[in-house]
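Notes for the structure review
Spelled out from the first residue to the last, the chains are:
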Amino acid sequence: MFRKYKFAFVVMIVVLLLSACGGGGGAEEAAEAESCAPNCEFTDMTFCYPQLGAESDWRTANTASFKEVAGELGVRLIFSDAQQKQENQISAMRACIQQGVDVIGLPPVVEDGWEAVLQEAKDAGIPVIIVDRSVTADPSLYASHIGSDMYLEGQRAADEMNKLLPDGGKIVELSGTPGSGAAVGRADGFRANLNDNIEIIDSQTGNFTTAEGKPVMEAFLAKYEGEIDGAFIHNDNMAIGAVEAMKAAGVEPGDIKIVSVDGTRGGFQLMIDGWVQADVECNPLLGPQVYDMALALMNGETIDAEVLTDETVYYPDEAADLLPSRKY
Ligand code: GZL
C-alpha cells in the first residue's frame, strides 16, 4: 500500500518540477513575457499567426513575409493554415490563447463573426492585430488594423476602367471570397467611381483562386458571346484563370479590357502579354511592420489603431522593366 502512494508522490514531484521549467508555454510563458517590459526584444516574443489559407500568390507571399522575418528576428512564430475556413482560424486562435502567446496577428478570411474569440483574447490579456482584410467587430476588441484600403483599390480600378472604355461599354466582374473585406471593399469602391456609361452586366465569385476564376469566365463568355468589353477581376490569380478561358474561346489580348488587383509576378506577366491593361497594387509583405507593432504592444507602448499600406497602380509599359525586381 505504502509503495503505491510513494509512486504517486514521486510522479507529482516530477510533474511540478517539469512545469516549473516552463515546459511548453502557458501562464509561465505569459508571465515571463510581461516581466520583460518595457525592454522586451523580438527574441522574447511568441507570435500567433492563424493564416487564412494558401489560395493565391498574394497569400503565399504574405505567409513567406511572416515566416522569413520571424526567423530573422528570432520571434517564436506559431503558424497555421485555415484552408479558407473561419472555424479553423477561430480554433487556431483559441489554441494560441490557451498557450498564452504574447500577441496574435489575425488575417480574417471574412469580415463578420469574430466578436467572441476577440473577446476571449482580450479577457486573456493577449492583444490582437488585424492583418490585411478588415473585420466588422468593434475596434475596442483589437489593438490595431494594418492593411490595404480595399475601397480605394476598387476606386482606382474603376478610374482605370473609365480610361480604358471612355465611350462606355459592358463589363463583367470576377469577385473575391464572398464576405471578405477585400471583396466587399473592392466591389463598393469600384461601383462608387465607375462612369455611368459602363454597365456591370454580371458578377460572380472566383474565390481569389485560378481554378475557380477560369470556369467563371468560361460561363461569362458563353452567356454574353461577343458582348463583353471589359472585366474587373479582384486578384491576379483569378485573372490568370480568366485568361486561360479567354484563350480557349479564341479571344485575343486586348479584346476585353482587364483591370486586376495585387501586382504579383503573374499579373505583371499578363500585362507584358497584353491581357491585363492595369494592375492595382496590394502589398502582402506586412511581416516587418506587424512584428514592430507587436513588440511595441509587449513593451506597453501605444500603436496606431489603423495603419494603411501605401500602394499604387502598375501598367503594361513598365511591367517588363519592373518584373525582375518584384518580390512576389
Ligand atoms: C487582399 C488579400 C486578397 C488578395 C488575394 O489584401 O486579402 O486575398 O487580393 C488574396 O490575392 O487571396
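Before reading further, recall that the structure is shown in the block above.
Here goes a summary of the coordinates provided. (Residues numbered from 1 in each chain as written. Predicted model: local features only at pLDDT ≥ 70, side-chain atom pairs only at ≥ 80, totals over all residues. Heavy atoms only, no water.)

Some points on the overall build of the chain
Tallying secondary structure elements over the chain gives twelve helices and twelve strands in all. Across the 328 residues in the chain, those meeting the buried criterion constitute 52%. When the accessible surface of the chain is split by element, carbon and sulfur atoms take 53% of a total near 14,700 Å². (Helix = DSSP H or I, 4+ residues; strand = E, 2+ residues; numbered from the N terminus. Buried < 20%, exposed > 50% of the residue type's maximum accessible area, 1.4 Å probe, protein only. Areas by Shrake-Rupley, 256 points an atom, 1.4 Å probe, with all protein chains shown as cover.)

Overview of the pairing of strand β5 (residues 144–147)
Of the two faces of β5, the one lined by S144 and I146 and the one lined by H145 and G147 are each fully buried. Here strand β4 (residues 128–131) runs beside β5; their pairing, made up of three bridges, is parallel. In the strand pairing of β5, I130 is matched with H145. (Pairing = 2+ DSSP bridges.)

Observations regarding the state of the cysteines
Under the definition given, this model contains two disulfides. Here C36 pairs with C40 through a disulfide, and the sulfurs are 1.8 Å apart. Note on the C36 and C40 pair: the S-S dihedral is about 90 degrees, so by sign convention the disulfide is right-handed. Here C36 and C40 have matching classes, each one buried. Covalently, C48 is tied to C96 through a disulfide, its sulfur atoms 2.1 Å apart. Taking the sign of the torsion about the S-S bond as the criterion, the disulfide between C48 and C96, at about 80 degrees, is right-handed. A residue pair is termed long-range when its members are at least 10 positions apart, and C48 in strand β1 (residues 46–51) and C96 in helix α4 (residues 86–99) qualify at 48 residues. Assessed through its relative accessible area of 1%, C48 is described here as buried. (Disulfide = S-S within 2.5 Å.)

Comments concerning the side chain of S148
By the secondary structure assignment, S148 is in the loop between β5 and α6 (150–164). A relative accessible area of 5% means that S148 is categorised as buried. Engagement of the side chain of S148 in a polar contact is seen with the side chain of E153, the distance being 3.4 Å. Apart from residues no more than four positions distant in its own chain, S148 is found in contact with D132, E153, C282, N283, L308, T309 and E311. (Polar contact = N/O pair within 3.5 Å; in protein donor to acceptor, adjacent residues only side chain to side chain. Contact = heavy atoms within 4.5 Å.)

Describing the nonpolar core
Residues L174, M217 and M246 are the most contacted members of the largest nonpolar core, which totals 31 residues. Counting residues per element, the ones that place at least two in this core are β6 (169–175), α8 (210–223), β8 (230–233), α9 (236–248) and α10 (265–272). Of all the elements, α9 adds the most residues to this core, at six residues. (Core = buried A, V, L, I, M, F, W, Y, C linked by side-chain atoms within 4.5 Å.)

Comments concerning the site of the ligand
Close to the ligand lie E55, S56, W58, R59, D132, R133, M150, R186, F208, N235, D262 and C282. In this structure, R59 approaches the ligand through a side-chain N or O atom, which is 3.1 Å from an oxygen atom. In the environment of the ligand, an oxygen atom lies 2.6 Å from a nitrogen or oxygen atom belonging to the side chain of D262. Relative to its unbound accessible surface of 320 Å², the ligand loses 100% to contact with the protein. Applying the majority rule of atoms within 2 Å of the grid points places the ligand in the largest cavity. For the shell around the ligand, the class distribution of residues is four nonpolar, two polar and six charged. Summarising the domain contributions, the shell around the ligand has at least three residues from each of domain 1 (42–148 + 284–311) and domain 2 (150–282). (Near = heavy atom within 4 Å. 1 Å grid on protein atoms, 1.4 Å probe; cavity = no way out; pocket = protein on both sides within 12 Å on 5 of 7 lines; lining within 4 Å. Sits in = over half its atoms within 2 Å of the grid points. Nonpolar A, V, L, I, M, F, W, Y, C, P; charged D, E, K, R; others polar. Domains from an automatic or database assignment.)

Details of the pattern of salt bridges
Evaluated as defined, the whole model comprises ten salt bridges. Notably, a salt bridge pairs D132 with R133, separated by 4.0 Å at the nearest N-O pair. Across the pair, exposure class does not vary: D132 and R133 are buried alike. Ionic pairing is found between K163 and E160, a salt bridge with its closest N-O pair at 3.2 Å. Residue K163 and its partner E160 are located together in helix α6, separated by three residues, close to a single helical turn. The class of E160 is buried, set by a relative accessible area of 8%. Among the charged side chains, a salt-bridge network with shared partners connects E55, R59, D132 and R133. (Salt bridge = Lys/Arg side-chain N within 4 Å of Asp/Glu carboxyl O.)

Quick word on the sheet that holds β6
With mixed pairing, the six strands of this open sheet are ordered in space as β7-β6-β8-β9-β10-β12. Looking at strand neighbours, the two that pair on one side only are β7 (198–205) and β12 (313–314), the edges of this open sheet. Looking at chain direction, β6 and β8 are connected through four bridges and run parallel. Following the sheet pairing, L174 is matched in β8 by I233. Each of β6, β7, β8, β9 (257–262), β10 (278–281) and β12 touches α6; the most contacted strand, β9, lies at about 160 degrees to it. (Axes fitted to C-alpha atoms, helices over the stretch in contact; angles between N-to-C directions.)

Some remarks on the sheet that holds β1
Pairing within the open sheet is parallel, and its six strands lie in the order β2-β1-β3-β4-β5-β11. With partners counted over all chains shown, the strands left at the sheet margins are β2 (76–81) and β11 (306–308), one partner each. For this sheet the average axis-to-axis angle between neighbouring strands, irrespective of direction, equals 15 degrees. Where helix α11 (residues 287–298) meets the sheet, its contacts fall on β1, β2, β3 (103–106), β4, β5 and β11, and the angle it forms with β4 comes to roughly 165 degrees.

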